[in-house]
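Descriptive analysis of the structure
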Amino acid sequence: MTAHQTTAVVPEIRRAREEERDAISLLIGEAFMEDPVSGWVFPDEDHRRAVHPGFFGVFLDAALRHGWVDVTDDLSAAALWLPVRADGAGEPADGDDDMAERLAQADPGNERARIVGELTERAHPVDRSHYYLPTIVAAPGRRGEGRGRALLTTVLDRCDAEGMPAYLEASNERSRALYERLGFVFTGTAVDLPDGPRMWPMWREPRS
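Now for a description of the structure that goes with this document. As the structure is a prediction and not an experimental result, all values here were calculated from the model.

**Describing the overall build of the chain**
- A count of helical and extended segments in the chain gives seven helices and eight strands.
- Sorting the 208 residues of the chain into buried and exposed places 49% on the buried side.
- Restricting to contacts in the chain with at least 6 residues of sequence separation, those with at least 24 account for 70%.
- Carbon and sulfur atoms make up 48% of the accessible area of the chain, which amounts to about 10200 Å² in all.

**Regarding a positive patch on the surface**
- Together, Arg143, Arg149, Arg174 and Arg181 line one region of the surface with positive charge.
- The residue Arg181 is located in helix H7 (residues 173-181) in this model.

**Topic: the environment of Arg147**
- Its location among the elements puts Arg147 in helix H6 (residues 147-162).
- Residue classification places Arg147 among the buried positions, given a relative accessible area of 5%.

**Examining unusual backbone geometry**
- The residue Leu75 is not glycine, and still its phi comes out positive at about 60°.
- Here Leu75 is to be found in the loop between strand S2 (68-72) and strand S3 (77-84).
- Of note, Asp195 is a non-glycine position whose phi angle comes to about 55°, a positive value.
- Relative to the helices and strands, Asp195 is located in the loop between strand S7 (191-192) and strand S8 (198-204).

**Looking at the packing of aromatic side chains**
- Counted by the stated rule, this structure contains eight aromatic pairs.
- For the pair Phe32 and Phe56, a centre-to-centre distance of 4.5 Å together with 25° between the ring planes defines the contact as stacked. In this pair, Phe32 sits in the loop between helix H1 (21-31) and helix H2 (36-41) while Phe56 sits in helix H3 (residues 45-66), placing the two residues 24 residues apart along the sequence. The burial state of Phe32 is the same as that of Phe56; both residues are buried.
- Considering the side-chain rings of Phe55 and Phe56, the 5.3 Å spacing of their centres and the 90° angle between planes classify their relative orientation as edge-to-face. Per residue, the accessibility class of Phe55 equals that of Phe56, and both read buried.
- Linked through ring pairs, Phe32, Phe42, Phe55 and Phe56 together constitute an aromatic cluster.
- Sitting above the plane of the Trp68 ring, Arg158 keeps its charged end 4.3 Å from the centroid.
- Across the ring face of Phe186, the terminal group of Arg176 is positioned such that the distance to the ring centre comes to 5.1 Å.

**Let's talk about helix H5 (residues 111-123)**
- For H5, built from 13 residues, the straight-helix expectation of 18 Å at 1.5 Å per residue is met to within 8% by its first-to-last C-alpha distance of 19 Å.
- Those residues of H5 that fall on the buried side of the exposure criterion are Ala113, Val116, Gly117, Leu119 and Thr120.
- Looking at the buried positions of H5, the neighbouring elements they touch are H2, H3, helix H4 (99-105), strand S5 (166-170), S7 and S8.
- The backbone nitrogen of Arg112 has a side-chain oxygen 3.0 Å away, supplied by the residue at the start of H5, namely Asn110.

**Section: H7**
- Looking at H7, one finds that the buried residues are Ser175, Arg176 and Tyr179. The arc that holds every buried residue of H7, seen down its axis, measures 105°, which confines them to one face. Structural note: H7 exposes Glu173, Arg174 and Arg181 on the side pointing more than 90 degrees away from its buried face.
- On its buried side, H7 packs onto strand S4 (130-138), H6, S5, strand S6 (185-186) and S8.
- N-cap assignment for H7: the residue whose side-chain oxygen lies 3.1 Å from the backbone N of Arg174 is Asn172.
- Among the residues trailing H7, Gly183 stands out with phi positive, at a value near 105°.

**Some thoughts on the packing of H1 against H3**
- One can describe the packing of H1 onto H3 by two numbers: an axis separation of 8 Å at closest approach and a directional angle of 125°. The orientation of H1 with respect to H3, classified from their angle, is oblique. Crossing of H1 against H3: the hand is right-handed. Of the residues in H3, those in contact with Arg21, Ile24, Ser25, Leu26, Ile28, Gly29 and Glu30 of H1 are Arg49, His52, Pro53, Phe56, Gly57, Leu60, Asp61 and Leu64.
- Looking at the contact of H1 with H3, its residues break down into seven nonpolar, four polar and four charged.

Rules and cut-offs
- Residues numbered from 1 in each chain as written.
- Predicted model: local features only at pLDDT ≥ 70, side-chain atom pairs only at ≥ 80, totals over all residues.
- Heavy atoms only, no water.
- Helix = DSSP H or I, 4+ residues; strand = E, 2+ residues; numbered from the N terminus.
- Buried < 20%, exposed > 50% of the residue type's maximum accessible area, 1.4 Å probe, protein only.
- Contact = heavy atoms within 4.5 Å.
- Areas by Shrake-Rupley, 256 points an atom, 1.4 Å probe, with all protein chains shown as cover.
- Patch = residues over 30% accessible without salt bridge, like charges linked within 9 Å, V, L, I, M, F, W, Y side chains within 5 Å.
- Salt bridge = Lys/Arg side-chain N within 4 Å of Asp/Glu carboxyl O.
- Lys, Arg positive; Asp, Glu negative; His and termini not counted.
- Charge placed at Lys NZ, Arg CZ, Asp CG, Glu CD.
- Phe/Tyr/Trp six-rings, centres within 6.5 Å; stacked < 30°, edge-to-face > 60°.
- Lys NZ or Arg CZ within 6 Å of the ring centre and 35° of its normal.
- Expected span 1.5 Å × (residues − 1).
- Polar contact = N/O pair within 3.5 Å; in protein donor to acceptor, adjacent residues only side chain to side chain.
- Arc of directions from axis to C-beta.
- Axes fitted to C-alpha atoms, helices over the stretch in contact; angles between N-to-C directions.
- Parallel < 35°, antiparallel > 145°, perpendicular 65-115°, else oblique.
- Left-handed = near helix turned anticlockwise from the far one by under 90°.
- Nonpolar A, V, L, I, M, F, W, Y, C, P; charged D, E, K, R; others polar.

Right, here's the structure in full:
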């Protein structure tokens, strides 16, 4: 470390509160503006910015209702978690709601919104209960400071203690590398969006 380098201090991690829903939705929307999958689903940048909060709000609302949302105390980073039952036909514990359909409704007429929902749903393992991470973000100005890793390890420690696997889809090579360092393994079957980017479904067995 040089004299000009500093070590960022990650704020305290806590559960999100219901009244923070809109702020977290905006955080997620802004954080995914440069994501390759979001760029494919919403090619027009202005439209992407307008619909992102509603699109990612589908996951956020499901996590607030049926799972949990971890945030840094300054709301600069957030992770959404959903428990998935082995008998839940691959869907988060979310009643009879269909995630792919709700994603499509977030931007009516955009067939790509439906496609990404259907393809990721199809790739989602259904044979074992696990915790599913649909979204984890850090604010654009706070990336590379350890917030995402801190959010992840908080829950992965819980997974290890409970003997619970974890699952996610990496949407770029950089995030895939981070997840691999934390014990996630590519399932072997990628999600290839038509004429678009690739996503990597990843599974993590609990560590003893």
